[in-house]
Amino acid sequence: MSKKKLLIAALLALLVVAYFAFDLGRFLSLDYIKSRQGEFAALYADRPLLVIGVFSAIYIAVAALSIPGATILTLAAGAIFGLWTGTLIASFAASIGATLAFLVSRYVLRDAVQARFGTRLADIDKGVEKEGAFYLFTLRLVPLVPFFVINLAMGLTKMKAATFYWVSQIGMLAGTAVYVNAGTQLASIDSLKGILSPGLLGSFVLLGVFPLVAKKIVEVFRGRKVFARWASQKPRRFDRNMVVIGAGAAGLVTSYIAAVVKAKVTLVESHKMGGDCLNYGCVPSKTLIRSAKLVNQIRHASDYGIERAEAQFQFGQIMDRIRRVIADIEPHDSVERYTGLGVDVVQGYAKLVNPWTVQIARADGSAQTLTARSIVLAAGAMPFVPPLPGLEEVGYLTSDTLWGLRELPRRLVVLGGGPIGCELAQAFARLGSRVTQVEMLPRILVREDEEVSALVRDALEQDGVAVLTGHKALRCGTDTDGKFIVLESTGAETRIGFDVLLCAVGRIARLAGYGLEELGIPVGRTVETNEYLETIYPNILAAGDVAGPYQFTHVGAHQGWYAAVNGLFGTFRKFKADYSVIPWATFVDPEVARVGLNEQEAAAQNTPFEVTKYDIAELDRAIADSAAHGFVKVLTVPGKDRILGVTIVGEHAADLLAEYVLAMRHGLGLNKILGTIHTYPTMAEANKYAAGEWKRNHQPVKLLEWVARFHAWRRG
Ligand SMILES: Cc1cc2nc3c(=O)[nH]c(=O)nc-3n(C[C@H](O)[C@H](O)[C@H](O)COP(=O)(O)OP(=O)(O)OC[C@H]3O[C@@H](n4cnc5c(N)ncnc54)[C@H](O)[C@@H]3O)c2cc1C
């Protein structure tokens, strides 16, 4: 911080300290104002401008210094000046004072906060740029957040000071009038009768209900604006409480919750019940990974004391097993099960006609139109196929088409170094394909810490995958040796031959073809929603991959609850989707599992942290299982046992993580994990040992020195 800023900060701090040191707060109490009300009134009658000037100056100073007392002064304005003049004075003084506080916060604090929380602030700035004025107006109109907090917080954003001033002036007017009005009544209290006077009671009621009424007005205003062009099409009665589009994890949970709370709900699915996870994603990939792991274990049978073993298999039978596993799980997500749970399931393609109407082209060829009070978009995502010259001609597979393979590809190119690319590259290599994995970025699994990427790369290479990072795919083609892809790295081109090319470069939300465009629902990479999962139409919500920001089955299911509850009961109470503790895993071998921050994210956010690491090579069970590799890495708040994030690499890492997910969700620190008995010998003990490692690093060294002296003394 520059000297000038430090000087200003010190001066302000001095003024605030002086306020408390001299107990100036006693002049900002209702008792004081009431006791001197007669004098103030006389002075005001005698020298009105002086009183207005001094009062305004005090009010502005209190607001600018963020000292408690603005509310009392607003009430006092009513008591001294009456409703109209009081409102005028308090309104201007509050807005000027608030703007000064805003400027002070911007000048003194913004740079420091920017340096520390830069990335988080960038998102907030983006939001403020887009609809900051409306947001501030809402905050001012609905005085649920304290006045001084808004002033200081807004100063940290990029909002213009002029915008802040005028929005505050207009937004606070109604609230100020309510408080000033209460002040005029309070001034006349001199007996029990006074307290119970209808005027005073009315003012108190207004004070209480004003925030709720104002909130409702804002919502209605917002809703009106967006629904205006559809007003003539709004049905008078609705066929359903809710229609859900898409029966993947998000849509299934949404419709299930809706049915549980006795809503009339229709779930529309155009393809397969269970969506991507069951049919093309988690289930088939994890089934394939398991078979590949077994083949790999047999290959390394000598690690387990078995002299010789050989896996004989036909790839087609492994693919048959995948089909069987899907068939075994299918009943969980089936039409029959959901119908039994009270959901009306329709197989067909749904399209939004207006904010309350969905048209369904049913699988049997018929058409159906349903109206609903709320609609949940849970249409999922699909593989992204890069626009590579020659790709369409040579042909490619994605996670949608991979599962139809009957022959093991001899030479496989996997495009993409993310979780799906890594999982599938390893599985195919273990089954015997010659796999080349291509990633444009300098390392695979870029969201994880560098050491994790390095460890996984090592594991993939040991299984025979040629991992080419920093390689950009340029084009595909065919020559006498068959198909090839041309890659570029540091200016040089390489040509890799292949039989099958698998695109695993990411998944994009399904955003086209079902009415989002016609309704003007804003989309970016996903459907844009607010924290309640509402689109610009508060009755149309989105959940799962189509809404982001995560693309996991369990997050889609988690959002499904919010979409159902907010969609059905949002008029009365809404819940913000909570993403505070989101776990995930990449099912390579060794598995990589994470919850919360890793080192690179914590550093990017300027979040201070301590790292504690436990090496799974030390763990008895891991040694017994010939799985003595990997680590548990825990990030904690410096000097405290509060967990900021955990990364586990190792056998069953995704299962081990559950203990930390629970701890973070419920605010349990490492001391609590250390104090919990873990069964011996299990992999889960790694969690306790990591907590033990933390404890060792935080021993009360000085105290222990004294304890050692005590023992020495006892020994005599
Ligand atoms: C290979 C692979 C492996 C994966 N592994 C994991 C993993 O291990 N763990 C994990 O958590 N996640 C994993 N995922 C991600 C996971 O599959 C998705 O996050 C999850 O399926 C998203 O669920 P959803 O309900 O949002 O969408 P989806 O499951 O895609 O469901 C959307 C459904 O909507 C239907 N639909 C779309 N438009 C319409 C319309 N207009 N009318 C009617 N129906 C419509 C679609 O047919 C689809 O069935 C994996 C994904 C892939 C591809």
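Residues numbered from 1 in each chain as written. Predicted model: local features only at pLDDT ≥ 70, side-chain atom pairs only at ≥ 80, totals over all residues. Heavy atoms only, no water.

Looking only at helices and strands, the protein chain has 26 helices and 20 strands in total. Expressed as lengths along the three principal axes of its C-alpha atoms, the size of the protein chain is roughly 105 × 95 × 55 Å. Sequence-distant contacts, at least 24 apart, represent 66% of the contacts inside the protein chain between residues at least 6 apart. As displayed, the protein chain offers around 35800 Å² of accessible surface, 61% of which is attributable to carbon and sulfur atoms. In the protein chain, the 75 positive side-chain charges and the 65 negative ones have mean positions that sit 8 Å from each other. (Helix = DSSP H or I, 4+ residues; strand = E, 2+ residues; numbered from the N terminus. Contact = heavy atoms within 4.5 Å. Areas by Shrake-Rupley, 256 points an atom, 1.4 Å probe, with all protein chains shown as cover. Lys, Arg positive; Asp, Glu negative; His and termini not counted. Charge placed at Lys NZ, Arg CZ, Asp CG, Glu CD.)

Every one of the 38 residues lining the ligand counts as a neighbour, but Glu269, Asp276, Lys286, Asp545 and Thr553 are closest to it. At 3.0 Å from an oxygen atom of the ligand is found a main-chain nitrogen or oxygen belonging to alanine 250. One of the side-chain N or O atoms of histidine 554 is found 3.4 Å from an oxygen atom in the ligand. Elements supplying a minimum of two residues to the shell around the ligand: α11 (249-260), β2 (265-269), α12 (275-279), α13 (282-299), β3 (344-354) and α20 (553-569). (Near = heavy atom within 4 Å. Polar contact = N/O pair within 3.5 Å; in protein donor to acceptor, adjacent residues only side chain to side chain.)

Further remarks concern the side chain of glutamate 439. Relative to the helices and strands, glutamate 439 is located in the loop between β8 (434-438) and α18 (450-462). One buried charged residue, glutamate 439, forms no salt bridge at all, with the nearest opposite charge on arginine 443 at 9.9 Å. From its side chain, glutamate 439 meets the backbone nitrogen of leucine 441 in a polar contact 2.9 Å long. Sequence-distant contacts of glutamate 439, that is, excluding residues within four places in its chain, are made with Gly416, Gly417, Gly418, Ile444, Leu468, Thr469, Gly470 and His471. (Buried < 20%, exposed > 50% of the residue type's maximum accessible area, 1.4 Å probe, protein only. Salt bridge = Lys/Arg side-chain N within 4 Å of Asp/Glu carboxyl O.)

A word on the pattern of salt bridges. Evaluation of the coordinates by the stated rule reveals 30 salt bridges. For aspartate 364, the salt bridge identified is with arginine 362, shortest N-O distance 4.0 Å. Among the charged side chains, a network of salt bridges with common partners joins Asp449, Glu451, Glu599, Lys613 and Lys633.

The subject of this paragraph is helix α25 (residues 685-697). Counted at 1.5 Å a residue, the expected span for α25 with its 13 residues is 18 Å, and the 19 Å between its end C-alpha atoms agrees. Within the sequence span of α25, burial applies to Glu685, Ala686, Asn687, Ala690, Ala691, Gly692 and Trp694. Each element contacted by the buried residues of α25 is listed here: β18 (610-615), β19 (631-636), β20 (643-650), α23 (653-665) and α24 (670-674). (Expected span 1.5 Å × (residues − 1).)

Turning our attention to the sheet that holds strand β10 (residues 472-479). If you trace the three strands from one edge of the open sheet to the other, you get β10-β11-β12, paired in antiparallel fashion. Every other strand in the sheet has two partners, leaving β10 and β12 (492-498) as the edge strands with one partner each. Mean inter-strand twist for the sheet, computed between neighbouring axes without regard to direction, equals 25 degrees. Relative to β12, strand β11 (residues 482-489) is paired through seven bridges, and the arrangement is antiparallel. Looking at β12, one finds that leucine 487 is bridged to threonine 494. (Pairing = 2+ DSSP bridges. Axes fitted to C-alpha atoms, helices over the stretch in contact; angles between N-to-C directions.)

Attention now goes to the packing of aromatic side chains. This model, assessed by the stated rule, comprises 17 aromatic pairs. Relative to tyrosine 32, the ring of phenylalanine 27 lies with its centre 5.1 Å away and its plane at 75 degrees, an arrangement referred to as edge-to-face. Judged by centre distance (5.1 Å) and plane angle (80 degrees), the ring pair of phenylalanine 55 and phenylalanine 81 falls under edge-to-face. One end of the pair, phenylalanine 55, is in helix α4 (residues 48-64); the other, phenylalanine 81, is in helix α5 (residues 70-81), and 26 residues separate them in sequence. A cation over a ring is seen here: arginine 495 above phenylalanine 484, with NZ or CZ 3.8 Å from the ring centre. (Phe/Tyr/Trp six-rings, centres within 6.5 Å; stacked < 30°, edge-to-face > 60°. Lys NZ or Arg CZ within 6 Å of the ring centre and 35° of its normal.)

In this section: the sheet that holds β20. Pairing between the strands of a sheet is mediated by backbone hydrogen bonds and can be parallel or antiparallel. An order of β16-β17-β20-β19-β18 is seen for the five strands of this open sheet, with the pairing classed as antiparallel. Sheet topology places β16 (583-586) and β18 at the edges, where each strand pairs with a single neighbour. Shown here is a sheet whose adjacent strand axes are inclined to one another by a mean of 10 degrees, direction ignored. Pairing geometry for β19 and β20, over six bridges, is antiparallel. Across the sheet, threonine 636 pairs through a bridge with isoleucine 643, a residue of β20. Seen against the sheet, α25 touches β18, β19 and β20 and runs at an angle of roughly 135 degrees to β18.

Now for the nonpolar core. Of all hydrophobic cores here, the largest spans 39 residues; its most connected members are Leu288, Leu402, Trp403, Phe428, Val435, Val456 and Leu460. Where this core is concerned, the elements lending two or more residues are α13, α14 (315-329), β7 (411-415), α17 (419-431), α18 and β13 (500-503). A per-element tally of this core places α17 first, with seven residues. With near-sequence residues (within four places) excluded, valine 456 lies in contact with Ile444, Leu445, Val588 and Val592. Counting residues in hydrophobic clusters, the runner-up holds 29 residues, among them Ala350, Ala372, Ile375 and Val546. (Core = buried A, V, L, I, M, F, W, Y, C linked by side-chain atoms within 4.5 Å.)

A few words on the state of the cysteines. Taken as a whole, this structure holds one disulfide when the rule is applied. With a sulfur-sulfur separation of 2.5 Å, cysteine 277 is cross-linked through a disulfide to cysteine 282. Classification of the bridge connecting cysteine 277 and cysteine 282 rests on its S-S torsion, roughly -135 degrees, and on that basis the disulfide is left-handed. Under the relative-accessibility criterion, cysteine 277 is labelled buried at 19%. The closest cysteine sulfur to the non-disulfide-bonded cysteine 422 is located on cysteine 503, 15 Å from its own sulfur. Cysteine cysteine 476 shares no disulfide, and the gap to the nearest cysteine sulfur, in cysteine 503, comes to 8.0 Å. What makes cysteine 476 buried here is its relative accessible area of 9%. (Disulfide = S-S within 2.5 Å.)

Where β2 meets β3, four bridges bridge the pair, whose relative direction is parallel. Among the inter-strand pairings, threonine 266 is bridged to a residue of β3, identified as aspartate 344. In terms of strand pairing, β3 meets strand β4 (residues 357-362) through six bridges, oriented antiparallel. In the sheet register, asparagine 354 faces β4, and the bridge partner there is threonine 357. Hairpin remark: β3 followed by β4, antiparallel, with two residues in the connecting loop.

Helix length check: helix α1 (residues 3-21), at 19 residues, gives a terminal C-alpha distance of 26 Å against a target of 27 Å (1.5 Å per residue), a fit within 8%. Aspartate 23 sits one or two positions beyond α1 and adopts a positive phi of about 50 degrees.

Turning next to the packing of α23 against α25. Their axes nearest at 9 Å, the elements α23 and α25 cross at an angle of 50 degrees. Between α23 and α25, the angle is such that the two are oblique. Residues Leu656, Glu659 and Tyr660 of α23 pack against Ala686, Asn687, Ala690 and Ala691 of α25. Each residue belonging to the contact of α23 with α25 can be placed in one class, and the counts come to five nonpolar, one polar and one charged. (Parallel < 35°, antiparallel > 145°, perpendicular 65-115°, else oblique. Nonpolar A, V, L, I, M, F, W, Y, C, P; charged D, E, K, R; others polar.)

Geometry only, nothing functional implied.
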